[in-house]
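# Observations on the three-dimensional arrangement
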Amino acid sequence: MQNSFARLAALETDSAQSLESWIHALPKAELHLHLEGSIQPETLRELSRAKGRLEQETEVWIRQQEERNFRYGSLSEFLNAFKLVSLLLESPSDYALATERLLQALASQNVGYAEITLSAGVILWKKQSLPETFEAICEVARHFESTAPLKVRWIFDAVRQFGTDHAREVLGWARMFRDQGVVAFGIGGDEERGPAELFVDVYQEARGYGLHCTAHAGEGHNPAGMRQAIRLLKPERIGHGIAAARDPEMIRLLRDNEIPLEVCLTSNLCTGLFDDVQNHPLKQLWDAGVRVTLNTDDPAMFATNLEGELALAARAFGFGPTEIIKLCQNAIEASFMPEDEKQEFRTKLRQAADRSVPG
Ligand SMILES: [Zn+2]
């Protein structure tokens, strides 16, 4: 890969537009995005109108977000908004609609592979049928995969503050649906109210079932919870993990054990962790040799997409074609694709990068 990109390394471009169209043409993989957070305001309006409920709340929230440029006062304010969106998803067909729109959005950006997180824990909390919901989602995904060059895999996420039994129930379903594209188990939600130590056995069981493991950790500024998550849960990837920037020992741990971070720049800005992208530690982690991937987290709730995140990294940190390619490669290597699929994707990326060079 290195040689074939050598000529890109020498390229400097002052044309943002050509860099952006080059980014668009690259086949990309995304590893950290939530189905629920991908639902665009128009689809939310459509869902609430069709049901005749939560219409006012939805409208107020959408207007507020548009006025505030999708900035939230805090992470917990964002989690409340995520809850409102989740409450609009009442039936398997609502989830199917959300899936269809997300897959269209991914395909339109040349995303060729996505590991999509489904808040399975929230579906259980709403007392909806997880098997019926996931079957509806899979039907859409199967149809889509047969018509577009996009492969979809799923990560079932438990809500950490709901505790151990809840997480184990989510894991049981993840295990059940392994043959329908569920590749991993993870936890999200409130790190303080659901510390890693509660989930040690659950993670061990997940590995025993042949599932990969991820964990949201270190999304805030405090590295202690992230240190615990890595030490106790041994996840293969960390969702966010930017708290590591404050802890040289953890940076070494991530680098030496090749534990990738799923960094989400716009998400971190929108939830108020940084007021300026220049203050984001992505470049620091990158320079320290940590395997960084770029992701959208909740693209519709933060008005972003994967192309936008790569372009933002280019603008904010001076990343050129070489670094953008490296970010795309990192996503392939950090993915849970089997080796033959990774190989195929690497080749596609190399060919696309060689075909069109920004200048
Ligand atoms: Zn997330």
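Residues numbered from 1 in each chain as written. Predicted model: local features only at pLDDT ≥ 70, side-chain atom pairs only at ≥ 80, totals over all residues. Heavy atoms only, no water.

## Some points on the pairing of strand S4 (residues 182–188)
With seven of seven residues buried, S4 lies mostly within the body of the structure. Here strand S3 (residues 151–159) pairs with S4 via six bridges, running parallel. Looking at S4, one finds that Phe156 is bridged to Phe185. Viewed along the sheet, the connection from S3 through helix H9 (residues 164–176) into S4 turns out right-handed. Bridge count for S4 against strand S5 (residues 212–217) is two bridges, and the pairing is parallel. Bridge assignment links Ala184 to a residue of S5, and that residue is His212. The β-α-β motif built from S4, the intervening helix H10 (residues 200–208) and the parallel element S5 has right-handed crossover chirality. (Buried < 20%, exposed > 50% of the residue type's maximum accessible area, 1.4 Å probe, protein only. Helix = DSSP H or I, 4+ residues; strand = E, 2+ residues; numbered from the N terminus. Pairing = 2+ DSSP bridges. Right-handed = clockwise from strand over helix to strand, strands pointing away.)

## A few points about helix H3 (residues 41–51)
All of the buried residues along H3 are Pro41, Thr43, Leu44, Arg45, Leu47 and Ser48. Looking at the packing, one finds that the buried side of H3 touches helix H4 (55–67), helix H5 (75–88) and helix H6 (92–108). (Contact = heavy atoms within 4.5 Å.)

## Brief notes about the state of the cysteines
Scanning the model with the defined rule gives zero disulfides in all. Take Cys213: it sits in no disulfide, and the sulfur closest to it among the cysteines is that of Cys264, at 19 Å. With relative accessibility at 1%, the residue Cys213 sits in the buried group. Between Cys264, a free cysteine, and Cys270, which holds the nearest cysteine sulfur, the sulfur-to-sulfur gap is 11 Å. Exposure remark for Cys264: the relative accessible area of 1% places this residue in the buried category. (Disulfide = S-S within 2.5 Å.)

## Some thoughts on unusual backbone geometry
Not every positive phi belongs to a glycine, and Phe70 is a case in point at roughly 60 degrees. Its place among the elements puts Phe70 in the loop between H4 and H5. In this structure Phe70 comes out as buried when scored by relative accessible area, which is 12%. Positive phi, close to 70 degrees, is recorded for Asp297, a residue that is not glycine. Tracing the backbone through its elements, the reader meets Asp297 in the loop between strand S8 (292–294) and helix H15 (306–317).

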